[in-house]
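# Analysis of the macromolecular model
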Amino acid sequence: QKAQIGVTGLATMGRNLARNLARRGHTVAVHNRTAARTKALVEEFGHEGTFVPAETAEEFVAALERPRRLVVMVKAGAATDAVIDEFAPLLEPGDMIVDGGNAHFADTRRREAALRERGVHFVGAGISGGEEGALNGPSIMPGGPAESYEALGPLLESIAANVDGVPCVTHIGPDGAGHFVKMVHNGIEYADMQLIAESYDLLRHAAGLSPAEIAEVFRTWNTGRLESYLIEITAEVLAHTDAATGEPFVDVVLDRAEQKGTGRWTVQTALDLGVPVGGIAEAVFARSVSGHADLREAARDLPGPAREATKDAAFADAVERALYASKIVAYAQGFHQIQAASAEYGWDVDLGAVATIWRGGCIIRARFLDRIRAAYEADPRTVTLLTDGYFAEALAEAQDAWRGVVATAARLGIPTPGFSSALAYYDSLRAERLPAALTQGQRDFFGAHTYRRVDREGAFHTLWSDGRREVEA
Ligand code: 6PG
């Protein structure tokens with residue numbers, strides 16, 4: 001019996017994905033560079049479905065029915081290229097390689113173009129949901145040629161998470177579109193996590209609540225509009241007590257956040273596209289600041305304000321509003337970035353469909369995503385989510401509290417880069433006039449960089465050292 005699909009790379013994610021496929025009744029060929037892992041998988045989980053273990057690349061390819069669907073679950077980067085180089089010569093036109101790792105979309109574009117020459121479909125597929133998601137239903141963001149989805153889509157739909165009968169997978173767009181969208185998912189993930197972290201910090205140090213009390217606050221929030229996986233696990237982490245010391249777990253963990261790079265890529269790419277994603281950038285930088293032990297050590301004794309916890313019951317409510325408003329901004333920025341890339345690369349990404357498949361399975365899954373889906377459904381040409389009816393109203397209702405929280409944070413010396421930059425973005429977009437006019441004047445002054453006028457077409461330059469006459473540039 002030939003396998004419908006094959007998975008090579010059987011570390012946690014690959015193994016769980018293979019098991020998920022087998023549990024859904026598909027015959028799954030499995031392969032790993034070191035055969036011991038393949039053997040272990042079949043021994044441990046063989047009873048869950050039908051696996052076809054393969055020791056060599058040739059055996060693996062021969063085990064697959066045509067068109068061959070070969071899923072690569074190895075570390076992004078050189079390992080992915082090595083696997084492609086190994087398998088591509090064994091494949092025939094119409095076969096496909098699906099890269100389920102967190103690849104950089106530029107690599108995916110390069111690989112797709114190279115394999116297209118051989119008639120092999122290359123599908124860069126973002127997969128979110130961690131180990132648990134891979135096993136029980138992830139959110140899947142496949143890119144690559146549209147026709148590849150005909151042979152691949154039904155299989156992916158059978159293993160993806162499902163919300164209201166809708167599977168959390170859709171063909172995102174050509175070449176690198178899937179991995180791009182997964183990258184932005186992770187950027188938003190960083191922003192969301194940072195905003196939650198700031199909320200915790202404020203509740204702890206401005207409101208004087210204990211981690212256990214804050215866990216309760218998050219539990220309550222998770223029954224409302226903030227309901228999401230990240231809020232849910234935040235309550236779990238905060239409620240956890242360290243077994244060794246009896247201290248709150250959050251107090252015994254070293255406060256240096258690490259990153260594997262997808263958040264950084266999001267910001268690097270946003271800079272290239274000229275898309276302002278301050279909320280995501282601040283989240284990446286916040287991790288970076290936390291990791292700079294030397295900087296923090298050197299600055300430890302700089303003076304701060306006298307701190308006084310408020311113990312004000314209404315404060316938690318204000319933080320909820322600030323969090324919700326900042327979250328709207330972070331998602332608006334992420335969707336703007338996808339929109340810009342889609343235009344730049346001609347992907348024609350359906351933003352509403354992206355929101356739809358993020359409702360379940362992925363790390364940022366949340367009730368909130370259904371609002372974004374609805375916003376794009378109501379108007380697919382939405383310029384920014386901030387002005388969508390529902391979100392605009394939520395921002396209007398939250399803004400006073402949001403300002404109050406940012407002001408309190410500044411007064412107490414509690415860093416809130418996420419909240420602050422989100423508010424600055426909101427105020428920048430609504431500003432009638434920005435001081436960018438002054439920036440233009442300075443540029444013209446020192447570098448004759450020219451400016452445009454509000455009242456006339458054309459580019460102008462003022463002869464700053466020659467009577468300040470204005471000339472047309
Ligand atoms: C997911 C996650 C996953 C991974 C992150 C973590 O969607 O399932 O985003 O891809 O856990 O990349 O990234 P950092 O190590 O950079 O925090």
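Coordinates for the structure precede this section.
Tallying secondary structure elements over the chain gives 20 helices and twelve strands in all. Taking 473 residues into account, the globule formula puts the C-alpha radius of gyration at 23 Å, and the chain, at 25 Å, falls close to it. Over its C-alpha atoms, taken along the principal directions, the chain stretches across nearly 80 × 65 × 45 Å. Residue pairs in contact within the chain that sit at least 24 positions apart in sequence constitute 67% of those at least 6 positions apart. Surface accessibility of the chain: about 22,000 Å² in total, with carbon and sulfur atoms responsible for 52%. Computed over 47 positive and 64 negative side-chain charges, the separation of the two mean positions in the chain equals 1 Å.

As a further point, take the site of the ligand. Close contacts around the ligand come from 15 residues, with Ser128, Glu189, Tyr190, Lys260 and Arg287 the closest. Contact between the ligand and Ser128: an oxygen atom at 2.4 Å from a side-chain N or O atom of the residue. Lys182 has a polar side-chain atom sitting 2.9 Å from an oxygen atom of the ligand. Alone, the ligand offers 410 Å² of accessible surface; in the complex the protein occludes 81% of this. For the shell around the ligand, the residue count by class is two nonpolar, nine polar and four charged.

Taken together, the side chains of Glu55, Glu58, Glu59 and Glu86 define an acidic patch exposed on the protein surface. Here Glu59 lies in helix α3 (residues 57-62).

Looking now at the layout of surface pockets. Computed from the structure, the second largest pocket encloses a volume of approximately 340 Å³. Contributing to the lining of the second largest pocket are 15 residues, with Ala437, Gln440, Tyr451, Arg452 and Arg453 lying nearest its centre. Of all the secondary structure elements, the ones that give two or more residues to the lining of the second largest pocket are α20 (436-447), β10 (451-452) and β11 (459-463). When residues of the lining of the second largest pocket are assigned to their parent elements, the largest contribution, four residues, is made by α20.

Read from one edge of the open sheet, seven strands run β3-β2-β1-β4-β5-β6-β7, paired in mixed fashion. Each of the sheet's edge strands pairs with one partner strand only, and the pair in question is β3 (50-54) and β7 (139-142). Each adjacent strand pair in this sheet contributes to an overall mean axis angle of 25°, direction not counted. Where helix α5 (residues 105-116) meets the sheet, it contacts β5 (96-99) and β6 (121-128), and its direction lies at approximately 150° from that of β6.

With that out of the way, let us pick up the side chain of Thr27. Looking at the element boundaries, Thr27 is found in strand β2 (residues 27-31). Residue class for Thr27 comes out buried when judged on its relative accessible area of 3%. A distance of 2.9 Å separates a polar atom in the side chain of Thr27 from a polar atom in the side chain of Gln1.

Before going further, it helps to spend a moment on the packing of helix α18 (residues 389-412) against helix α19 (residues 417-430). The contact between α18 and α19 brings their axes to 11 Å, and the two run at 130°. The orientation of α18 relative to α19 falls into the category oblique. Two packed elements cross with a definite hand, and for α18 against α19 that hand is left-handed. Seen from α18, the contacting residues are Leu395, Gln399, Trp402, Arg403, Val405 and Val406; seen from α19, they are Phe419, Ser420, Ala422, Leu423, Tyr426, Asp427 and Arg430. A per-class count over the contact of α18 with α19 returns eight nonpolar, two polar and three charged.

One key point about sheets: their strands pair by backbone hydrogen bonds, in either a parallel or an antiparallel sense. Reading across the sheet, the three strands line up as β10-β11-β12 and stay open at both edges, with antiparallel pairing between neighbours. A strand with exactly one partner marks an edge of an open sheet, and here the two such strands are β10 and β12 (469-472). Examined bridge by bridge, β10 and β11 share two bridges and lie antiparallel to one another. When the sheet's bridge partners are listed, Arg452 is paired in β11 with Ala459.

Applying the stated criterion to the full structure yields two cavities of 30 Å³ or more. Taken as a whole, the largest cavity encloses approximately 70 Å³ of empty space. Every residue lining the largest cavity is listed: Ile5, Leu17, Leu21, Val71, Val98, Gly100, Ala125, Ile127, Ile140, Leu156 and Ile159. Those elements that provide at least two residues to the lining of the largest cavity are α1 (12-23), β6 and α7 (148-159). Looking at the lining of the largest cavity residue by residue, the class counts come to ten nonpolar, one polar and no charged. Quantified by volume, the second largest cavity comes out at close to 50 Å³. If you go around the second largest cavity, the residues you meet are Ala191, Gln194, Leu195, Gly279, Ala283, Ser326, Val329, Ala330, Gln333, Gly418 and Ala422. Per-element accounting of the lining of the second largest cavity gives the leading share, four residues, to helix α15 (residues 313-345). Looking at the lining of the second largest cavity residue by residue, the class counts come to six nonpolar, five polar and no charged.

Rules behind the numbers
Residues numbered from 1 in each chain as written. Predicted model: local features only at pLDDT ≥ 70, side-chain atom pairs only at ≥ 80, totals over all residues. Heavy atoms only, no water. Helix = DSSP H or I, 4+ residues; strand = E, 2+ residues; numbered from the N terminus. Rg over C-alpha atoms; globule rule 2.2 N^0.38 Å. Contact = heavy atoms within 4.5 Å. Areas by Shrake-Rupley, 256 points an atom, 1.4 Å probe, with all protein chains shown as cover. Lys, Arg positive; Asp, Glu negative; His and termini not counted. Charge placed at Lys NZ, Arg CZ, Asp CG, Glu CD. Near = heavy atom within 4 Å. Polar contact = N/O pair within 3.5 Å; in protein donor to acceptor, adjacent residues only side chain to side chain. Nonpolar A, V, L, I, M, F, W, Y, C, P; charged D, E, K, R; others polar. Patch = residues over 30% accessible without salt bridge, like charges linked within 9 Å, V, L, I, M, F, W, Y side chains within 5 Å. Salt bridge = Lys/Arg side-chain N within 4 Å of Asp/Glu carboxyl O. 1 Å grid on protein atoms, 1.4 Å probe; cavity = no way out; pocket = protein on both sides within 12 Å on 5 of 7 lines; lining within 4 Å. Points joined across faces, edges and corners; volume = space filled by probe spheres on them. Pairing = 2+ DSSP bridges. Axes fitted to C-alpha atoms, helices over the stretch in contact; angles between N-to-C directions. Buried < 20%, exposed > 50% of the residue type's maximum accessible area, 1.4 Å probe, protein only. Parallel < 35°, antiparallel > 145°, perpendicular 65-115°, else oblique. Left-handed = near helix turned anticlockwise from the far one by under 90°.

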